[in-house]
Amino acid sequence: MTGIVIVVHAPLGEAMSEMARHVLGDSVADTLAVHDILPDDQPEARVPQVLADIQRLARESGVLVLTDLVGATPANIAKRAIVQAQAEGLTCCLLAGLNTPMLLRALTYRSLSLAETREKALAGGVQGCLRVD
């Protein structure tokens, strides 16, 4: 089961987690960790927290880390945690541009390999953005 860690600007993470539980039920809680990054959070303090969740959720399939904006503080924290996790031999990857379809796809397909979960999540994120009028 692929673990999923969300690292985003507050309060997006908790809102996305609540949405996922609303849609998919409480079964998502065992594979999901959320880090809402506040404006005054220090990256040096948050990287170890994110790394601890990556380590905790790293199972056979690895961990998919989702963030909102490339280059922003949450993404930089996530990237630093992933580099440390990979140095420890853990399998993980980072996707940016988190949206509702991306998260729901990641959670729905978390029983697949990390590579397959990553591709399903990425496709969901892209396919979920379209003009509907």
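As a reminder, the structure under discussion sits directly above these lines.
In this report, we go over the structure that sits alongside the text. Once a new chain begins, its residue numbering starts again from 1 and follows that chain's sequence as written. Under the rules for a predicted model, residues below a pLDDT of 70 receive no local features and side-chain atom pairs below 80 are neither given nor counted, while totals for whole chains, interfaces and linings still include all residues. Side-chain calculation: all heavy atoms of the structure are included, whereas hydrogens and water are not.

1. Some details on the pattern of salt bridges
1) Next: Here, a salt bridge means any side-chain nitrogen of Lys or Arg that lies within 4 Å of a carboxyl oxygen of Asp or Glu. Applying the stated rule across the entire model yields five salt bridges.
2) Next: The salt bridge partner of R21 is E14, with a shortest N-O separation of 3.4 Å.
3) Next: Relative accessible area decides the class of each residue, using a 1.4 Å probe on protein chains only: under 20% of the type maximum gives buried, over 50% gives exposed, and in between gives partly exposed. E14 sits in the partly exposed class, given a relative accessible area of 34%.
4) Next: For the salt bridge of R46 with D41, the shortest nitrogen-to-oxygen distance reads 2.5 Å.
5) Next: The exposure class assigned to D41 is buried, which follows from its relative accessible area of 17%.

2. Some thoughts on the pairing of strand β2 (residues 32-37)
1) Next: The numbering of helices and of strands both runs from the N terminus, where a helix is a DSSP run of H or I of at least 4 residues and a strand a run of E of at least 2. Along β2, five of the six residues are buried, which leaves the element largely enclosed by surrounding structure.
2) Next: When DSSP finds two or more bridges between two strands, those strands count as paired. Pairing between strand β1 (residues 3-9) and β2: six bridges, direction parallel. When the bridges of β2 are listed, I4 appears paired with L32.
3) Next: Chirality of the crossover, the property in question, places the unit of β1, helix α1 (residues 12-24) and β2 among those that are right-handed. Seen with its strands pointing away from the viewer, a crossover is right-handed when the path leading from the first strand over the helix to the second is clockwise.

3. Quick look at the side chain of D68
1) Next: Structurally, the position occupied by D68 is in the loop between β3 (63-67) and α3 (73-87).
2) Next: Neither His nor the chain ends is counted toward charge; the positive residues are Lys and Arg and the negative residues Asp and Glu. It turns out D68 is buried and unbridged, and the closest side chain with the opposite charge, R46, is 12 Å from it.
3) Next: Polar contacts, as counted here, are pairs of nitrogen or oxygen atoms within 3.5 Å of one another; within protein the pair requires one atom able to donate a hydrogen and one able to accept it, and residues that are adjacent in sequence qualify only if both atoms are side-chain atoms. Within the structure, D68 has its side chain in polar contact with the side chain of H9 (distance 2.8 Å).
4) Next: With residues up to four places along the chain from it excluded, the contact list for D68 reads V7, V8, H9, L12, P74, A96, G97 and L98. Here, two residues are considered to be in contact whenever any of their heavy atoms come within 4.5 Å of each other.

4. A closer look at the sheet that holds strand β4 (residues 92-96)
1) Next: With parallel pairing, the four strands of this open sheet are ordered in space as β2-β1-β3-β4. Whereas interior strands pair on both sides, the edge strands pair on one side only; in this sheet they are β2 and β4. The sheet shows a mean angle of 15 degrees between the axes of neighbouring strands, taken without regard to direction.
2) Next: Against the sheet, helix α5 (residues 114-127) contacts β3 and β4, and its axis sits at roughly 5 degrees relative to β4. Simply put, an axis is a line fit to the C-alpha atoms, just over the touching stretch for a helix, and the angle between two N-to-C directions goes from 0 to 180 degrees.

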